[in-house]
Amino acid sequence: MLKRIVKNVVICYNIGMKEIFERFSISISDEKIEKFEKYYQLLVFYNSKFNITAITERQEVIVKHFVDSVLGVDRITGNKLIDIGSGGGFPALPIKIMKEDISLTMLEATGKKCEFLKTVAKELDLKDVNVINGRAEELAKDPDFREKFDCSTARAVARLNTLLEYTMPFVKVGGRLVAYKGDAKEEVIEAKNAIKALGGKIVEDYSYNLLDAKRQLISVEKISQTPSIYPRTNAMIRKKPL
Ligand code: SAM
């Protein structure tokens, strides 16, 4: 039997999705497993039409996309969540599968990925899901979206200082950003100025291992309003990151 060591968790290649979740101490119903199975099928099918993810091997998708996304669920606060740069739906859709009662908005700059996100939400019968094709630094200026969310998530979108400028304007005072990162020790130091300027405070910095990857979940609480000058234009953000 083929085996792979994941920190202290052994993944065997012939075990089912439910068992993999359980090996990461995530208990999950058969009904939710069915939704993840369907999601996996849709991901593989649409990935052959347009690039959604570089990871398609089943066990790797389960661990690096599904489990990774679900590991942040307990850090999500409130009922209204916005995920920035959702791509193929991570971490937003696994969070929604696990916490069906949340109201989810996914913001994604690429139109084809938005079509995929809508298809998955429909096929999995997920309610109260809104997919927006746009850019964070533009939508955050819209009064219908600015400081209207209890929580924001983002994974693999930008370095932490830039990510904060994209996400914090969407979050209400008292809400939080949950940033899914790789090894981000340097980024956390680099983002000190951005955290202060945007009205944030790090409340948790949690490190873990997934297969061969070091991962970090950084939770930033919004303690004061984000000044209206933020986010700046994409050109300014790139030229002079906070
Ligand atoms: N979050 C997904 C994941 O972890 O698999 C996708 C990560 S992918 C590397 C980054 C995604 O963010 C891309 O789909 C890109 O189109 C989107 N993106 C990048 N900058 C953005 C912005 N300013 N506003 C909205 N979407 C953005």
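Conventions we followed
- Residues numbered from 1 in each chain as written.
- Predicted model: local features only at pLDDT ≥ 70, side-chain atom pairs only at ≥ 80, totals over all residues.
- Heavy atoms only, no water.
- Helix = DSSP H or I, 4+ residues; strand = E, 2+ residues; numbered from the N terminus.
- Rg over C-alpha atoms; globule rule 2.2 N^0.38 Å.
- Buried < 20%, exposed > 50% of the residue type's maximum accessible area, 1.4 Å probe, protein only.
- Contact = heavy atoms within 4.5 Å.
- Areas by Shrake-Rupley, 256 points an atom, 1.4 Å probe, with all protein chains shown as cover.
- Salt bridge = Lys/Arg side-chain N within 4 Å of Asp/Glu carboxyl O.
- Pairing = 2+ DSSP bridges.
- Axes fitted to C-alpha atoms, helices over the stretch in contact; angles between N-to-C directions.
- Right-handed = clockwise from strand over helix to strand, strands pointing away.

Engineer: Which parts of the structure should I look at to understand the overall build of the chain?
Structural biologist: Of regular secondary structure, the chain possesses ten helices and nine strands. Relative to a compact globule of 242 residues, whose C-alpha radius of gyration would be 18 Å, the chain shows 18 Å and is just as compact. In terms of overall dimensions, the chain has C-alpha extents of about 55 × 35 × 30 Å along its principal axes. The proportion of buried residues among the 242 residues of the chain is 54%. In the chain, of all internal contacts separated by at least 6 residues, the share reaching a separation of at least 24 is 67%. When the accessible surface of the chain is split by element, carbon and sulfur atoms take 49% of a total near 11,300 Å².

Engineer: Please clarify how the pattern of salt bridges should be interpreted in this entry.
Structural biologist: Two side chains of opposite charge can pair, provided their charged atoms sit close to one another. Applying the stated criterion across every chain yields a total of 17 salt bridges. We note a salt bridge from arginine 135 to glutamate 137, for which the minimum N-O separation is 2.7 Å. For glutamate 137, a relative accessible area of 5% gives the class buried. Among the charged side chains, a salt-bridge network with shared partners connects Glu60, Lys64 and Asp212.

Engineer: Just to check I follow, could you spell out the sheet that holds strand β6 (residues 149–155) for this structure?
Structural biologist: In a beta sheet, neighbouring strands are held together by backbone hydrogen bonds and run either parallel or antiparallel to one another. With mixed pairing, seven strands are arranged side by side in an open sheet as β5-β4-β3-β6-β7-β9-β8. The open sheet has two edge strands with one neighbour each: β5 (129–133) and β8 (200–210). Within the sheet, the average angular offset between the axes of one strand and its neighbour, ignoring direction, is 15 degrees. Taken together, the five bridges between strand β3 (residues 80–84) and strand β4 (residues 103–108) define a ladder with parallel strand orientation. For isoleucine 82, the partnering residue across the bridge sits in β4 and is threonine 105. Of the strands in this sheet, β6, β7 (171–181), β8 and β9 (213–222) touch helix α3 (residues 58–70), which is tilted by about 145 degrees from β8. Here helix α5 (residues 111–123) sits on the sheet and contacts β4 and β5; the angle it forms with β5, its principal contact strand, is near 170 degrees.

Engineer: I tried to follow the pairing of β6 on my own but got confused; where do I start?
Structural biologist: Regular strands place side chains that alternate from one sheet face to the opposite one. For β6, the tally of buried residues reaches seven of seven residues, placing the bulk of the element in the interior. Both β3 and β6 contribute to a ladder of four bridges, which runs parallel. Each bridged residue has a counterpart across the sheet, and for isoleucine 82 the counterpart in β6 is serine 152. The pairing of β6 with β7 spans six bridges and is parallel. Within β7, the residue paired with threonine 153 across the bridge is valine 178. Tracing the backbone out of β6, into helix α7 (residues 160–167) and back to the parallel element β7 gives a crossover that is right-handed.

By themselves, these figures tell us nothing about what the structure is for.
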